[in-house]
Amino acid sequence: HIFAMLRKNGRISVKGRSSVERHEEAAMVAGPRFWPEIFSAVTMVLPSIYAAVASPGFAATSTSPTPIWALVYVTFIHCLASVSYHLQCAFHAGTTWNRLESGFRVADMVLIHASCCTYGWAVARGQAAGFAPASLLANLMGAGILLWRRALGLPGRDADSYMVIACIFLYTLGM
């Protein structure tokens, strides 16, 4: 509950205010990024729920269930990092906190690279001979840069997102 969280951290006061006034103040203090980050966290959970429900049926009727289970597992693992990162962003919305210094951001983006590589391999299913190695190399480079910068104590860069976008585009070429 956003109101309780902000009150606990001393960011809003409760004395002499109606419930509506307190909730309006909580929304203002949280900043304009609070609800979009909550939305991002929730939308990351939905594919995992769908995967949990639908994948047993898909795998049971598939001649090759391994790619299906690979997609499911990488989706679950990425979900944990992504939800953590977006909730951290929501919690710190309206503060001077720098999202580019978040370890959860690094985990989220590294696991996006893992997802791109896995999704590309799964959808290509051996049809594009050079695709899987190219995707693996590009995604290892992207993940490696993120981890290297983190190990050196350097913040992330907005350019990290461009590498993710390129790798997302690359994995779709395997279809």
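One can find the structure itself at the top, above this paragraph.
Residues take numbers from 1 onward in each chain, read along the sequence in its written order. Under the rules for a predicted model, residues below a pLDDT of 70 receive no local features and side-chain atom pairs below 80 are neither given nor counted, while totals for whole chains, interfaces and linings still include all residues. With hydrogens and water excluded, all non-hydrogen atoms of the structure serve as input to the side-chain values.

Turning to the packing of helix α3 (residues 34-61) against helix α4 (residues 65-91), a few remarks are in order. All axes here are fitted lines through C-alpha atoms, helices being fitted over the stretch that makes contact, and every angle between N-to-C directions spans 0 to 180 degrees. Elements are defined by DSSP. Helices are runs of H or I of four residues or more, strands are runs of E of two residues or more, and each kind is numbered from the N terminus. Between α3 and α4, whose axes approach to 9 Å, the crossing angle comes to 165 degrees. Of the possible angle classes, the one that applies to α3 and α4 is roughly antiparallel. Viewed along their axes, α3 and α4 form a crossing whose handedness is left-handed. Angles are sorted into four bins: roughly parallel if under 35 degrees, roughly antiparallel if over 145, roughly perpendicular if 65 to 115, and oblique for all others. Should the near helix be turned anticlockwise from the far one by less than a right angle, the crossing is left-handed, and should it be turned clockwise, the crossing is right-handed.

A few words on the side chain of S102. By the secondary structure assignment, S102 is in the loop between α4 and α5 (103-124). For the purposes of these results, a polar contact is taken to be a pair of N or O atoms within 3.5 Å, where, inside protein, one atom must be able to donate a hydrogen and its partner to accept one; residues adjacent in sequence count only when each atom of the pair is a side-chain atom. A distance of 3.1 Å separates a polar atom in the side chain of S102 from the backbone nitrogen of F104. In contact with S102, other than residues within four places in its own chain, are Y85, Q88, W97 and R150. The contact criterion used throughout is that any non-hydrogen atoms of two residues lie within 4.5 Å.

To continue, consider the packing of aromatic side chains. Here a pair means two rings of Phe, Tyr or Trp (six-membered ring of Trp) with centres within 6.5 Å. Their orientation is stacked below 30 degrees between planes, edge-to-face above 60, and tilted elsewhere. As enumerated under the stated definition, the model contains three aromatic pairs in all. For the pair F34 and W35, a centre-to-centre distance of 4.8 Å together with 85 degrees between the ring planes defines the contact as edge-to-face. A ring pair is formed by W69 and Y73, whose centres lie 6.1 Å apart and whose planes are at 25 degrees; its orientation type is stacked. With a gap of four residues between them, W69 and Y73 both fall in helix α4, about one helical turn apart. According to the relative accessible area criterion, W69 is partly exposed, its value standing at 30%. The class for Y73 is partly exposed, based on a relative accessible area of 48%. Exposure classes here rest on a 1.4 Å probe applied to the protein chains alone. A residue is buried below 20% of its type maximum, exposed above 50%, and partly exposed in between.

Turning next to helix α7 (residues 159-173). Expected helix span is computed as 1.5 Å times (number of residues minus one). Taking 1.5 Å of rise per residue, the 15 residues of α7 would be expected to cover 21 Å, and the 22 Å separating its terminal C-alpha atoms lies within 8% of that figure. Looking only at α7, the buried set comprises D160, V164, C167, L170 and Y171. Buried residues along α7 cover an arc of 120 degrees about the axis, so they all sit on one side. Of the residues in α7, the exposed ones pointing more than 90 degrees away from the buried face are Y162, I165, F169 and L173. Contacts from the buried residues of α7 go to α5 and α6 (131-151). Each direction from the helix axis to a C-beta atom contributes to the arc, which is the arc of those directions.

Before going further, it helps to spend a moment on the pattern of salt bridges. Every case where a carboxyl oxygen of Asp or Glu lies within 4 Å of a side-chain nitrogen of Lys or Arg is listed as a salt bridge. The final tally for this structure, using the stated rule, is four salt bridges. In this structure, R33 and E37 form a salt bridge, with 3.0 Å as the shortest nitrogen-oxygen distance. The partner of D158 in a salt bridge is R99, and the shortest N-O contact between them spans 2.8 Å. Taken together, the positions of D158 in the loop between α6 and α7 and R99 in the loop between α4 and α5 put the pair 59 residues apart, joining distant regions of the chain. On the accessibility criterion, D158 (44% relative accessible area) is partly exposed.

Here we take up the packing of α5 against α7. Packing of α5 against α7 brings their axes to within 9 Å, and their N-to-C directions diverge by 15 degrees. When the interaxial angle is binned, α5 and α7 end up roughly parallel. Handedness of the α5/α7 crossing: left-handed. Between α5, through R105, M109, I112, H113, C116, Y119, G120 and V123, and α7, the contact on the second element is made entirely by D160, S161, M163, V164, C167, I168 and Y171. Asp, Glu, Lys and Arg are counted as charged, while Ala, Val, Leu, Ile, Met, Phe, Trp, Tyr, Cys and Pro are counted as nonpolar; the rest, among them Gly, fall into the polar class. Of the residues assigned to the contact of α5 with α7, the class counts are 10 nonpolar, three polar and two charged.

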